[in-house]
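Coordinate inspection notes
One-letter residues, chain by chain:
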Amino acid sequence: MVASIARVAPGKSAWGPVLVGLAFVLALVSALFADTLRALVSTWMGSETYAHGFLILPISLWLVWEKRAALRVAVPQPTLLPALLMLPVGLVWLLAQLVDVRVVQEYAFVCLLILAIWAMIGTALARFLAFPLGFLVLAVPVGDGLTYPLMNFTADFSVNMLRLTGIPVYRDGTFFSLPTGDWSVIEECSGIRYLLASVTLGVLFSYLTYSKIWKRALFIALSALVPILANGLRAYMIVMIGHLSGMKLATGVDHLVYGWVFFGIVIAIMFAVGAIWRDPERDEVPRQADSGAGRSTIVAALSVLLASAIGPGLLLALERAPAGGDERVELRLPAPVGGWQSEGGNLWSWRPHIVGADGEGYGFYRADAAPVGLYLGIYRRQREGAEVVNVQNQMVPTSDLEWSDKEITTRRIVSPIGEFKVKQDRLAGRSTGQRLLVWNWYRVGAVNTSNPFVAKFAEAAYRLVGRPPSGAVIAVAAPYRESPDEAAAVLTAFIDAMWPSLEAEIQRAAGPGG
């Protein structure tokens, strides 16, 4: 790699003032976005899936240290262009903060740090350090949305392999039964941890091993594909060990041990094979360039601080606006209409796990002997910890000991206001054997959707025109015995008849402007 970097005469160093200014700038930018930084670190600490985030900064610093010989004689040339780029990035952070999309906040924060470094050291040196700086992006915890698709793939792979082996299998969603015992693919078995670890290591390995872009891209793609396939094979092997041992092996802690040992072997093989096509090492020798003064360190630092402060400043101004009083509301269940009648008592023990709602209602209805459960959670003013799109809002939390979520899909339904998609969950009671079909969706303002990104986009659109929207989480459930289509027909009839009554209660509970 050849980069055009100004060089200083031996025995001198231009880094002293720049490093002091850089440390000052990074400290203040981190302070401005302290809540985002705190949330980032909290995720690393609280999740084994994202604990590798603690290693990203040390690895990046090590990569920079490896270039110290070239950096020692280079001349930093501060520039103002990154400060200009910080303005739209800061606005993205602000919008993400307003609608509480944490992953976007964290990406924006990391990008602001990278831009601040670029501004302080100059374009040529930033290009020279492009990979160590870009590697910082991998510190952002992302991937939760892949968990359930990976669970489904692992279940598909395992069941198909078992059938190819000649073992009879009965499958229901992510649960399957063999003659020797029952198995299920839970979140911990999805392989998301293997995938994220493999991609992170694959990105680093490809940079250190190859110089050709196509080789790097190919290896990174393989580092994403291999752990997905390997996790399916791992699950199949564990089920086979349990089956052949009469469920005496691979059903407890050894289940996890086998998984990580297998993953380590797969990664070692992948790196060993990848090293066969290693590119020859090339010395990174910066090319002599005119040592133009560039912008002064002080001017660059002030520009960075001003640009980075705009987002938090605007947020502070918005938060000082009157927030309203107590948002709690007494929710009344929609009045039964169209042949439906209210049903007293609890027809089943399940109810959705929803947090932060200003008002909640959960009850049962019946028509022609067909029961339906309705949950309605109202958020009169969405705010931190009280928003419709929240990772804690789940139909069945992983801690639930009675109910399990066997399958999650989407389904397009036709309501009196038109078509929209709902999330469809097939639930099963572990002790009772009850089966429920649940349709659930978000309502933000006048938008009904099961897509969390659409819900957040709708919230952002309302806020941009000065109308913070109310929100709701809605879930309807019906039991079935053989086919979920039985329950789907009941839920369709319920929504057709009850929609006007449901709409009226949402409007009443949401309050003026809801």
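Scroll up for the structure.
Notes on the structure follow. (Residues numbered from 1 in each chain as written. Predicted model: local features only at pLDDT ≥ 70, side-chain atom pairs only at ≥ 80, totals over all residues. Heavy atoms only, no water.)

1. Looking at the pattern of salt bridges
- By the definition in use, this model includes 13 salt bridges.
- A salt bridge links Arg426 to Glu407, with the shortest nitrogen-to-oxygen separation between them at 2.9 Å. Of this pair, Arg426 sits in strand β10 (residues 418–429) while Glu407 sits in strand β9 (residues 403–415); the two residues are 19 residues apart in sequence, bridging distant segments of the chain.
- Accessibility expressed as a relative area gives 11% for Arg426, which makes it buried.
- Looking at Glu407, the relative accessible area reads 27%, which means it is partly exposed.
- Within the structure, one salt-bridge network assembled from shared partners comprises Asp172, Lys406, Glu407 and Arg426. (Salt bridge = Lys/Arg side-chain N within 4 Å of Asp/Glu carboxyl O. Helix = DSSP H or I, 4+ residues; strand = E, 2+ residues; numbered from the N terminus. Buried < 20%, exposed > 50% of the residue type's maximum accessible area, 1.4 Å probe, protein only.)

2. Some details on the pairing of strand β13 (residues 471–479)
- Of all 9 residues that make up β13, 8 are buried, and the element is covered over most of its length.
- Taken together, the 7 bridges between strand β8 (residues 370–379) and β13 define a ladder with antiparallel strand orientation. Residue pairing in the sheet places Tyr375 in a bridge with Ala475 of β13.
- Sheet topology places strand β11 (residues 435–444) next to β13; 9 bridges connect them, and they run antiparallel. Bridged to Tyr442 within β13 is Val473. (Pairing = 2+ DSSP bridges.)

3. Some points on the nonpolar core
- Within the largest apolar cluster, 55 residues are counted, with the highest numbers of intra-cluster contacts made by Val25, Val29, Ile121, Leu125, Phe131 and Val304.
- The element best represented in this core is helix α6 (residues 102–121), accounting for 13 residues.
- Those residues in contact with Phe131, other than ones at most four positions away along the chain, are Leu63, Val203, Leu204 and Tyr207.
- Counting 32 residues, the second largest nonpolar core, distinct from the first, contains Ala367, Leu376, Phe420 and Phe494. (Core = buried A, V, L, I, M, F, W, Y, C linked by side-chain atoms within 4.5 Å. Contact = heavy atoms within 4.5 Å.)

4. Here we look at unusual backbone geometry
- Residue Asp368 is not a glycine yet carries a positive backbone phi of 55°.
- For Asp368, the location among the structural elements is in the loop between β7 (359–367) and β8.
- Phi is positive for Ala369, close to 70°, though the residue is something other than glycine.
- Relative to the assigned elements, Ala369 resides in the loop between β7 and β8.

5. Quick look at helix α1 (residues 15–32)
- Between its first and last C-alpha, α1 extends 25 Å over 18 residues, near the 26 Å set by a 1.5 Å rise per residue.
- Burial in α1 covers these residues: Trp15, Val18, Gly21, Leu22, Val25, Val29 and Ser30. End-on view of α1: buried residues confined to an arc of 160°, all on one side of the axis. Projecting away from the buried face of α1 at angles above 90 degrees are the exposed residues Pro17, Val20 and Ala31. (Expected span 1.5 Å × (residues − 1). Arc of directions from axis to C-beta.)

6. Quick word on the packing of aromatic side chains
- In total, this model carries 21 aromatic pairs according to the counting rule given.
- Ring geometry for Trp350 versus Tyr362: centroids 6.3 Å apart, planes at 85°, classification edge-to-face. Within this pair, whereas Trp350 is found in the loop between β6 (341–343) and β7, its partner Tyr362 is found in strand β7, the two being separated by 12 residues in sequence. When sorted by exposure, Trp350 lands in the same class as Tyr362, which is buried.
- Look at Tyr362 and Tyr375: their rings are 6.5 Å apart centre to centre, the planes differ by 55°, and that puts the pair in the tilted class. Linking Tyr362 in strand β7 with Tyr375 in strand β8, this pair joins segments that are 13 residues apart in sequence.
- According to the relative accessible area criterion, Tyr362 is buried, its value standing at 18%.
- Put simply, the rings of Trp348, Trp350, Tyr362, Phe364 and Tyr375 pair up and form one aromatic cluster.
- Geometry around Phe128 places Lys67 over its ring, the cationic atom sitting 4.8 Å from the centre.
- Directly above the ring of Phe175 sits Lys406, whose terminal nitrogen or CZ lies 5.1 Å from the centroid. (Phe/Tyr/Trp six-rings, centres within 6.5 Å; stacked < 30°, edge-to-face > 60°. Lys NZ or Arg CZ within 6 Å of the ring centre and 35° of its normal.)

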